[in-house]
Amino acid sequence: MLHVSMIGCGAIGLGVMELLKSDPEVAFDVVIVPEAHMEAARPLVFSLAPHARVADRLEEQGQQPDLLIECAGHKAIEEHIIPALKRGIPCMVVSIGALSERGLVEKLEAAAREGKTQVQLLSGAIGAIDALSAARVGGLDSVVYTGRKPPGAWKDTPADGLFDLDNLQTATVIFEGTAREAARLYPKNANVAATLSLAGLGLDHTQVRLLADPGVTENVHHVEAKGAFGGFELTMRGKPLAANPKTSALTVFSVVRALGNRAHALSI
Ligand SMILES: NC(=O)C1=CN([C@@H]2O[C@H](COP(=O)(O)OP(=O)(O)OC[C@H]3O[C@@H](n4cnc5c(N)ncnc54)[C@H](OP(=O)(O)O)[C@@H]3O)[C@@H](O)[C@H]2O)C=CC1
Ligand SMILES: O=C([O-])CC(=O)C(=O)O
């Protein structure tokens, strides 16, 4: 039985608990949410994981989880993941876009080294991360990522002021540049660009194009990579979660897979 503490009970966290509620090998013991939202979170958590405790942090004394998983956002990495790693608790992170902040990846690595443990960065909404990071071993020449989403998915981002999102008639490029700049301008839509960068050529050498496209209803991720290994092209058409259209459903499935791989006898 894998005893898991989870940070965040939003679209991803609740989706993960729902899918794992009848898995006898995974137990959610603690769900961490901001203090102000603990009361509201309790009934939701109770309905999916009746034995789980809602808290605003991991207790430092007593039984430690086998694994701490972050499904919350940038601040949760600094607040919860880094201290847990230093205490030797293995961690998983889904908010990969947060790692585009300078120095944060190095802080995570240092904390894991200090605690003699490991932090796993999850692939989330994008596929072929195994192929891309293997290809990097032989040398990559280029990685180009195009992210295409319905105009509504770009609400409350810099594109909202620059383009009339409600009345777009054709696919419109809202950003073109490096993954680092994409992550700076579009932090809540930067997870895929950051994941591809960390697996491949880094934030400054991964090219990104972002489009608002009234012709799509899905989050479409296209990757083209070339290098000593040859090349690949990948298109993912991710159905958005009803609870958060910025997030593809595959992200939830990717977390469930990762937890299953830790908990079950066979890992794939
Ligand atoms: N790797 C990938 O491919 C993808 C990654 N993501 C990332 O995953 C994360 C979660 O996404 P999603 O579930 O859709 O987002 P939601 O906004 O639906 O949920 C986020 C949850 O985290 C909680 N939370 C926020 N900050 C903290 C904190 N410091 N400590 C504890 N809890 C906190 C929120 O609590 P409250 O509501 O009470 O503030 C909320 O319950 C985001 O960072 C998102 O960018 C998303 C899609 C793809
Ligand atoms: O499709 C998703 O779930 C999220 C996404 O585009 C991103 O954050 O890069």
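Because the structure is a prediction, the values reported are computed rather than measured.

So, how was this worked out
- Residues numbered from 1 in each chain as written.
- Chains lettered and ligands numbered in written order.
- Predicted model: local features only at pLDDT ≥ 70, side-chain atom pairs only at ≥ 80, totals over all residues.
- Heavy atoms only, no water.
- Near = heavy atom within 4 Å.
- Polar contact = N/O pair within 3.5 Å; in protein donor to acceptor, adjacent residues only side chain to side chain.
- Areas by Shrake-Rupley, 256 points an atom, 1.4 Å probe, with all protein chains shown as cover.
- 1 Å grid on protein atoms, 1.4 Å probe; cavity = no way out; pocket = protein on both sides within 12 Å on 5 of 7 lines; lining within 4 Å.
- Sits in = over half its atoms within 2 Å of the grid points.
- Helix = DSSP H or I, 4+ residues; strand = E, 2+ residues; numbered from the N terminus.
- Nonpolar A, V, L, I, M, F, W, Y, C, P; charged D, E, K, R; others polar.
- Buried < 20%, exposed > 50% of the residue type's maximum accessible area, 1.4 Å probe, protein only.
- Contact = heavy atoms within 4.5 Å.
- Salt bridge = Lys/Arg side-chain N within 4 Å of Asp/Glu carboxyl O.
- Pairing = 2+ DSSP bridges.
- Axes fitted to C-alpha atoms, helices over the stretch in contact; angles between N-to-C directions.

A few words on the site of ligand 1. The local shell around ligand 1 holds 26 residues, among which Ile 12, His 37, Val 94, Ser 95 and Thr 247 are the closest. At 3.2 Å, a backbone N or O of Gly 10 approaches an oxygen atom of ligand 1. In this structure, Thr 247 approaches ligand 1 through a side-chain N or O atom, which is 2.8 Å from an oxygen atom. Burial of ligand 1 by the protein amounts to 78% of the accessible area it has alone, namely 940 Å². For ligand 1, the cavity whose grid points lie within 2 Å of the majority of its atoms is the largest pocket. Elements represented by at least two residues in the shell around ligand 1 include exactly helix 1 (11-20), helix 3 (74-86) and strand 13 (244-248). Of the residues forming the shell around ligand 1, the biggest block, four residues, is contributed by helix 3. The residue inventory of the shell around ligand 1, partitioned by class, reads 13 nonpolar, eleven polar and two charged.

Relative to the elements of secondary structure, Ala 193 occurs in helix 8 (residues 191-199). Since its relative accessible area comes to 3%, Ala 193 is described here as buried. C-alpha of Ala 193 to C-alpha of Gln 207: the two residues are 14 residues apart in sequence and 8.7 Å apart in space. Ala 193 has contacts with Tyr 145, Ala 179 and Val 208, leaving out every residue within four places of it along the chain.

Now for the pattern of salt bridges. Summed over the entire model, instances satisfying the criterion amount to eleven salt bridges. Across the pair Arg 53 and Glu 59 runs a salt bridge whose closest N-O atoms are separated by 3.7 Å. Classification of Glu 59 as partly exposed rests on a relative accessible area of 46%. One salt bridge in this structure joins Asp 56 and Arg 57, with 3.2 Å as the shortest N-O distance.

Attention shifts here to the sheet that holds strand 11 (residues 230-238). Pairing is mixed across the open sheet formed by five strands, whose spatial order is 8-9-7-10-11. The open sheet has two edge strands, strand 8 (172-178) and strand 11, and neither has a second partner. For this sheet, the mean angle separating the axes of adjacent strands, direction not counted, is 10 degrees. In the sheet, strand 7 (residues 140-149) pairs with strand 10 (residues 219-227) via eight bridges, with the strands oriented antiparallel.

The analysis is restricted to geometry; functional conclusions fall outside its scope.
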